[in-house]
Amino acid sequence: MSKEVRVRFAPSPTGHLHIGGARSALFNYFFARHHGGKFIIRIEDTDRKRNVEDAEAKLIESMRWIGTEWDESIDKEGQYGPYRSMDRLEIYTEYLNKLLEEGKAYHCYCTEDELNEEREAQKARGEMPRYSGKCRCLTSEQISTFKAEGRTSSIRFRVPENKEFVVHDHIRGEVTFDSNGIGDFVIARPDGIPTYNFAVTIDDYLMKISHVIRGEEHLSNTPRQLMIYDAFGWETPDFAHVSLILNPDRQKMSKRDESIIQFVEQYRELGYLPEALVNFLALLGWSPEGEEEIFTMEELIKRFTLDRVSKSPSVFDIEKLNWMNNHYMKLAPLERIVDLALPHMQKAGQLPEQLSPEQRAWAEQVIALYQEQMAYAAQIVNLASLFFTNELEYNEEAKQVLAEEQVPEVMRAFHEEIVNGDDYTPDFIKQALKNVQKATGHKGKKLFMPVRVAATGVTHGPDLATSLYLLGRDKVAARVLNVADNHKQFV
Ligand code: GLU
């Protein structure tokens, strides 16, 4: 790459980190590191109505959680700060004044009501609503009258007529916009605070951003930004607009869409692993060469190139994320899984807030039983519920197993074995099952399946002897006896 790579992720602090935002951030991060460049996080907070308290801190926390590191930001001053738009107002004013002085921007005194009326009239005539240019050439008398009326003014950019603006996009190719389709747009509100399109252009230029990699939803803003670069005679950065992420129904996601979990924070709370989420998000819209799908951050950085980012939208497939997360959970050290799963069990009331060393050791073994099976850590509450209920509920499949005729005999023999032993360990339980086999002549599925179902309520599960051991002698004895005593109920 001939120019120094400097890219940015520029979230507005309007809420938690969205998965779409996280994906854009990751693509920027991979790109920066791939080229030995700089990754910058800039907070774009000039749309103050939409700002949410705490959002900034939460965004940064989520960015840290997914494992990105940045070179410059609000918490890491660099040469081109400040990195929060609202701290850059003086800079914007200087550039707004330049445009005003050169006649490339002008004050507009139209009121909200007037603008609405104008829009409605245009719509009624079947025209595309756009600003009419009413305040383009006001006389000083008109301006004085407006001021005397107490009107305030916004600043509009004077859009050049009959000009084409071409976005040379690394992902979408050449996208051409006709300036006649774009009305003079507001670059600063009456309070002097610039709008997104103005601030982003000034910031990208002054921060020497080489490549703007962001979501497709900003493509329609790009011609406005190009006009501002042009007005100042500045060279533009390269652009790459990444396609949308669709929900599982292949529809555009809305903020209220419940078919999909939309925020990184929620995945964290559910006990997904950040490396799995990163791996998954990386493959939404980007594909490496070959069939491989599991990549560490280092590998993603090594392989990432913009020319393998797809033009078509990608579909969010939660099954795939769950498969991937399960893959990473199986590889993770048990300790890490315990740290993720325990709080869920405590929150669900399965375990007390304060655990004795014995309780903790027991809980760790229960969690270990399900490490292979969990798609994400919050699932432990359901998976392990059989350890915490007094009355098991048997589903149809389980009832069928318990209806078999050998069941009462097997249950009683097994009950006898376990209540009469002094020991109660996995090895003892294995021996007890062997003894039952000898005594009753029932073996294999006829023996293990009813014991498993009677004690755990389910036909499939982790290692039987360990499960029975962790359930404890009393619970297991009561459950098998109950099945023997109530056998008729299952038949
Ligand atoms: N602040 C914009 C957003 O949150 C980002 C715009 C950009 O990347 O240029 O959508």
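This is a predicted model, so every value here is computed, not measured.

Definitions and limits used
Residues numbered from 1 in each chain as written. Predicted model: local features only at pLDDT ≥ 70, side-chain atom pairs only at ≥ 80, totals over all residues. Heavy atoms only, no water. Near = heavy atom within 4 Å. Polar contact = N/O pair within 3.5 Å; in protein donor to acceptor, adjacent residues only side chain to side chain. Areas by Shrake-Rupley, 256 points an atom, 1.4 Å probe, with all protein chains shown as cover. Nonpolar A, V, L, I, M, F, W, Y, C, P; charged D, E, K, R; others polar. Helix = DSSP H or I, 4+ residues; strand = E, 2+ residues; numbered from the N terminus. Contact = heavy atoms within 4.5 Å. Phe/Tyr/Trp six-rings, centres within 6.5 Å; stacked < 30°, edge-to-face > 60°. Buried < 20%, exposed > 50% of the residue type's maximum accessible area, 1.4 Å probe, protein only. Lys NZ or Arg CZ within 6 Å of the ring centre and 35° of its normal. Expected span 1.5 Å × (residues − 1).

S.K.: A description of the site of the ligand should follow, citing residues and the corresponding values.
M.R.: The full set of residues close to the ligand is Arg8, Ala10, Pro11, Ser12, Glu44, Tyr196, Val200, Arg214 and His218. Ser12 has a polar side-chain atom sitting 3.0 Å from a nitrogen atom of the ligand. His218 is positioned such that a nitrogen or oxygen atom in its side chain is 2.9 Å from an oxygen atom of the ligand. For the ligand, whose unbound accessible area comes to 300 Å², protein coverage reaches 80%. For the shell around the ligand, the residue count by class is four nonpolar, two polar and three charged.

S.K.: Please set out the side chain of Asn325 residue by residue, giving values where relevant.
M.R.: Position of Asn325 among the secondary structure elements: in helix H11 (residues 318-331). Ignoring sequence-local partners within four residues, the contact set of Asn325 consists of Gly271, Tyr272, Leu273, Ala276, Ala375 and Tyr376.

S.K.: Residue-level account of the packing of aromatic side chains, with values.
M.R.: Under the defined criterion, the tally for this structure stands at 21 aromatic pairs. Between Phe27 and Phe304 the ring centres are 5.0 Å apart and the planes differ by 45 degrees, which places this aromatic pair in the tilted class. Here Phe304 lies in the loop between helix H10 (297-303) and strand S11 (314-315) and Phe27 lies in helix H1 (residues 19-34), a separation of 277 residues in the sequence. Summarising the burial analysis for this pair, Phe27 and Phe304 share the class buried. Consider the rings of Tyr95 and Phe232, whose centres lie 5.5 Å apart with planes at 85 degrees: the pair is edge-to-face. Taken together, the residues span a long stretch of sequence, with Tyr95 in helix H3 (residues 89-101) and Phe232 in helix H7 (residues 222-232) at a distance of 137 residues. The same class applies to Tyr95 as to Phe232, namely buried. Ring pairing ties together the aromatic residues Phe27, Phe30, Trp286, Phe295 and Phe304, which thus form one cluster. A cation over a ring is seen here: Arg156 above Tyr131, with NZ or CZ 3.6 Å from the ring centre.

S.K.: Hey, could you go over helix H18 (residues 445-456) for me, with residue numbers and the actual values?
M.R.: The end-to-end C-alpha separation of H18 is 15 Å, in line with the 16 Å expected for twelve residues at 1.5 Å each. Most of H18 sits inside the fold, with nine of its twelve residues counted as buried. For H18, the full list of buried residues reads Leu447, Met449, Pro450, Val451, Arg452, Val453, Ala454, Ala455 and Thr456. Within two residues after H18, Gly457 carries a phi angle of roughly 85 degrees, on the positive side.

S.K.: Break down the environment of Leu26 for me, citing the residues and quoting the values.
M.R.: Structurally, Leu26 is set in helix H1. Given a relative accessible area of 0%, Leu26 falls into the buried group. Between the alpha carbons of Leu26 and Thr389 there is a distance of 43 Å; along the sequence they are 363 residues apart. In this structure Leu26 touches Ile66, Thr68, Val278, Leu281 and Met297, once residues within four positions along its chain are discounted.

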